[in-house]
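Understanding the architecture of this molecule
Single-letter residue listing:
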Amino acid sequence: MGERNAVGVIGIGWVGLVTAACFAELGNEVVALDVDEAKVAALRRGEVPIHEPGLAELVERNRDRLRYVVAMDEVLERAALLFCCVDTPPTYSGDADLSRVRAVVEQLRDDGRRALVMKSTVPAGTGATIRRELPGLAYVSCPEFLKEGTAVADFMHPDRVVVGADPGDEWAADAVEELYRPLGGEAIRTDIGSAEMIKLASNAFLATKISFINEIANVCEEVGADVVEVARGMGLDQRIGPSFLRAGIGWGGSCFPKDTIALKQLAGNSGYHFQLLTAVIEVNELQKRRVIGKLTKHLGSLVGKRIALLGLAFKPDTDDMREASSLVLVARLQGEGAQVAAYDPVAEDPARELLPTVEFCDSAPSALAGADAAILVTEWPEFRDLDWGEIAKTMATPLVVDGRNFLDPATVRAAGLAYEGIGRNGVID
Ligand code: UDX
């Protein structure tokens, strides 16, 4: 490994490992650092600690190009571009917690030969502050737009690559652009603050789209329309587009909740009340709870009722439980006196830790046996293949609340169950 020809990756979490493995796949030497010695030791043994499709194969195939270290000196010796991929979780106040970013910055040298490339999602203004502190360290804002479950494909086929830098740091911005060039996506060269805002605004806009369609769904329920049809009709307008218009029981995960609150706080810190985003967040909180009303409409009181949750993860193809709608749902159901059974094909282990009073089952049919209602929480493909006719015979009350509008209402109803979707009052029996 030649001196400073490697790509440095700091923080080997989900973003860091995907970034490291994908840069290695493109033929780069990569030196990746994490402070967690056990994690680094596991990676050196070839173990991949994250559930992300295609990642383990990529890590294995590029073993020779991936070096895992715990000491910053080893990164600084080998790499000029240092991709910062540490996490920035929300603090109690809603502001992003920058302590891990700070810990990285404190170890860097101000010698004019290295660049910190910020992939961690940070409030706009963070880059300018670091730049002032370490004027001899080049700084590039290069936010990530990866989705869990398709992160490797997203990395390899980016819609765009955002590269924000000050005029004096052109060499570093050019080098980052060069690294991404084989992947194709359009490069956006801009200033640091704008790059930081592109990331925050993109996530806030996507969250807004979902909260918007969720409110349209709620209105559809009042007026007797089907939100799936409405979204289809809206999405064909090229100015609107079809994606992120799936109504359901709300968004969750590691990014949307944290980034929307962080942007709202960022605005608030400057004295600006971001009204729209405040509403977007509130709509999402209320949306997670609307299921309760659908249950009581059919069942009356929920005291002593057995409610089966199909899926717990915040979305399919991940075991991530962060800010999953299921967490609020379980609390509300138990608060109403219901007994909650659940099945998730992948997220059971992390879910058990967060939901100790839930009965975990090893299949959907076993969770549904004797249940007064099924709530589809996560749209795992296997739930579409369930034999609803057989399941209806085993349930105490044959009722499905489809929290993701994932099932075919006609099929479920033909199998003898009552079906409630989200915003689907226009769907006729
Ligand atoms: C998101 C962004 O898409 C990604 O660019 C960013 O880097 C990280 O945050 P991710 O959290 O992996 O990615 O999930 P995503 O697929 O965007 O879904 C987020 C949430 O929105 C999920 O809870 C999902 O169920 C929900 N969702 C998504 C809807 O409710 N309706 C939709 O139409 C789309």
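Reading guide: rules and limits
Here the residue numbers are simple positions, counted from 1 along each chain's written sequence. In keeping with the model being predicted, local features are shown solely for residues with a pLDDT of at least 70 and side-chain atom pairs are shown and tallied solely at 80 or more, while totals for entire chains, interfaces and linings include all residues. The side-chain quantities take in all heavy atoms of the structure and omit both hydrogens and water. By the convention used here, strands pair only if DSSP detects at least 2 bridges between them. The way it works is that DSSP assigns letters per residue, a run of H or I at least four long becomes a helix, a run of E at least two long becomes a strand, and they are numbered from the N terminus. Inter-axis angles, ranging from 0 to 180 degrees, are taken between N-to-C directions of lines fitted to C-alpha atoms, where helices are fitted over the stretch in contact. Side-chain rings of Phe, Tyr and Trp, where Trp is taken by its six-membered ring, are said to pair if the distance between their centres is within 6.5 Å; with planes under 30 degrees apart they count as stacked, over 60 as edge-to-face, and otherwise as tilted. Here the term buried applies to any residue with accessible area under 20% of the maximum for its type, exposed to any over 50%, and partly exposed to those in between, with areas from a 1.4 Å probe on protein chains only. Any residue with a heavy atom lying within 4 Å of a molecule or strand is counted as near it. All accessibility values rest on the Shrake-Rupley procedure with a 1.4 Å probe; residue burial counts only the protein chains present in the view. For this classification, the nonpolar set comprises Ala, Val, Leu, Ile, Met, Phe, Trp, Tyr, Cys and Pro, the charged set comprises Asp, Glu, Lys and Arg, and every other residue, Gly included, is treated as polar. Any angle between 65 and 115 degrees counts as roughly perpendicular, while under 35 counts as roughly parallel, over 145 as roughly antiparallel, and the rest as oblique. Throughout, a crossing is termed right-handed when the near helix is turned clockwise from the far one, and left-handed when it is turned anticlockwise from it by less than a right angle. Any two residues whose heavy atoms approach within 4.5 Å are treated as being in contact.

Taken together, the eight strands give an open sheet; going across it, the order is 3-2-1-4-5-6-7-8, and neighbouring strands pair in mixed fashion. The open sheet terminates on both sides in strands that have one partner only, identified here as strand 3 (66-69) and strand 8 (186-190). Adjacent strand axes in the sheet meet at a mean angle of 25° when their direction is disregarded. Relative to strand 6 (residues 138-141), strand 5 (residues 115-118) is paired through four bridges, and the arrangement is parallel. When the sheet's bridge partners are listed, valine 117 is paired in strand 6 with valine 140.

Another aspect to go through is the packing of aromatic side chains. Following the criterion strictly, the structure yields eight aromatic pairs and no others. Ring geometry for phenylalanine 23 versus phenylalanine 155: centroids 5.3 Å apart, planes at 90°, classification edge-to-face. One end of the pair, phenylalanine 23, is in helix 1 (residues 14-25); the other, phenylalanine 155, is in helix 7 (residues 151-156), with 132 residues separating them in the sequence. Per residue, the accessibility class of phenylalanine 23 equals that of phenylalanine 155, and both read buried. Aromatic pair tyrosine 343 and phenylalanine 383: ring centres 6.1 Å apart, planes at 70°, arrangement edge-to-face. Pair noted here: tyrosine 343 is in strand 10 (residues 339-343) and phenylalanine 383 is in the loop between strand 12 (373-376) and helix 16 (388-394), with a separation of 40 residues, a long-range link. On the accessibility criterion, tyrosine 343 (9% relative accessible area) is buried.

The next thing to look at is the site of the ligand. In the neighbourhood of the ligand, 18 residues make up the surrounding shell, with Leu146, Glu148, Arg246, Cys255 and Lys315 lying closest. Protein coverage of the free-state accessible area of the ligand, which is 680 Å², stands at 95%. Examining the composition of the shell around the ligand, we find that three residues originate from one element, helix 9 (residues 192-223), more than from any other. Among the residues forming the shell around the ligand, the class breakdown is nine nonpolar, two polar and seven charged.

Turning next to the packing of helix 9 against helix 10 (residues 227-235). In contact at an axis separation of 9 Å, helix 9 and helix 10 are set at 135° when each is read in the N-to-C sense. One way to sum up the angle between helix 9 and helix 10 is to call them oblique. Along this stretch, helix 9 crosses helix 10, giving a crossing that reads as right-handed. Contacts from Phe212, Ile213, Ile216, Ala217 and Cys220 of helix 9 reach helix 10 at Val227, Val230, Ala231 and Met234. Partitioning the contact of helix 9 with helix 10 into residue classes produces nine nonpolar, no polar and no charged.

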